[in-house]
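Structural overview
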Amino acid sequence: GTTGTGTTDTGGNSPWDTATARKNLTAKYGAGVLNVEKVQNLKGVSFENRTYLWTRTGSSLQALRYSGSLDKSLIRYSDEGAAQRLKLRRASKDPKMDL
């Protein structure tokens, strides 16, 4: 698991258009790392799940073709330093000021 914070977008049209998403994310962030695995539905039909990962110092972007089910996709941005920055900010405040 990740200790950072981020945003998640499952998109309105699921699963997302892999070619378009990959093209747009690659144009902005460079080549991502691809992981391919087989997934099956309850009827035993196999599908190819593609997960792309882009990493930067302190952050990552992950795009999953299928997320939890065959009709949901996921794009997740994680900022690993956000939790630490929040702790530092809270430590510098008077605890009596918190609700």
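Look up: the structure comes first, before these words.
Given the structure is predicted, the values throughout are model-derived calculations rather than measurements.

1. A few points about the pairing of strand β3 (residues 46–56)
Judged from the 8 bridges that link them, strand β2 (residues 33–40) and β3 form a sheet pairing that is antiparallel. Each bridged residue has a counterpart across the sheet, and for L34 the counterpart in β3 is Y52. Taking the residues that link successive antiparallel strands as the turn, the β2-β3 hairpin has 5 residues, and the phi of G44 there is positive, at about 90°. Both β3 and strand β4 (residues 59–64) contribute to a ladder of 6 bridges, which runs antiparallel. Looking at β4, one finds that Y52 is bridged to A63.

2. Overview of the nonpolar core
Counting 5 residues, the largest nonpolar core consists of L25, Y52, W54, L61 and A63. Breaking this core down by element, the ones donating at least two residues are β3 and β4.

3. Let's talk about the pattern of salt bridges
Across all of its chains, the model carries 2 salt bridges by this definition. For E48, the salt bridge goes to R50, with nearest N and O atoms at 3.0 Å. Note on R50: relative accessible area 28%, which makes it partly exposed. With a shortest N-O distance of 2.6 Å, D79 and R85 are connected by a salt bridge. Classification of D79 as buried rests on a relative accessible area of 18%. The class of R85 is partly exposed, set by a relative accessible area of 46%.

4. What about the packing of aromatic side chains?
Evaluated as defined, the whole model comprises 2 aromatic pairs. Both rings, one in F47 and one in Y66, keep their centres 6.2 Å apart while their planes meet at 70°; by these two values the pair is edge-to-face. Separated by 19 residues along the polypeptide, F47 in strand β3 and Y66 in the loop between β4 and β5 (74–79) bring together distant segments of the chain. The class for F47 is partly exposed, based on a relative accessible area of 28%. For the ring pair Y52 and W54, a centre distance of 6.0 Å and an interplane angle of 25° mean the geometry is stacked. Pair check on accessibility: Y52 and W54 agree, each one buried.

Criteria and cut-off values
Residues numbered from 1 in each chain as written. Predicted model: local features only at pLDDT ≥ 70, side-chain atom pairs only at ≥ 80, totals over all residues. Heavy atoms only, no water. Pairing = 2+ DSSP bridges. Helix = DSSP H or I, 4+ residues; strand = E, 2+ residues; numbered from the N terminus. Core = buried A, V, L, I, M, F, W, Y, C linked by side-chain atoms within 4.5 Å. Buried < 20%, exposed > 50% of the residue type's maximum accessible area, 1.4 Å probe, protein only. Salt bridge = Lys/Arg side-chain N within 4 Å of Asp/Glu carboxyl O. Phe/Tyr/Trp six-rings, centres within 6.5 Å; stacked < 30°, edge-to-face > 60°.

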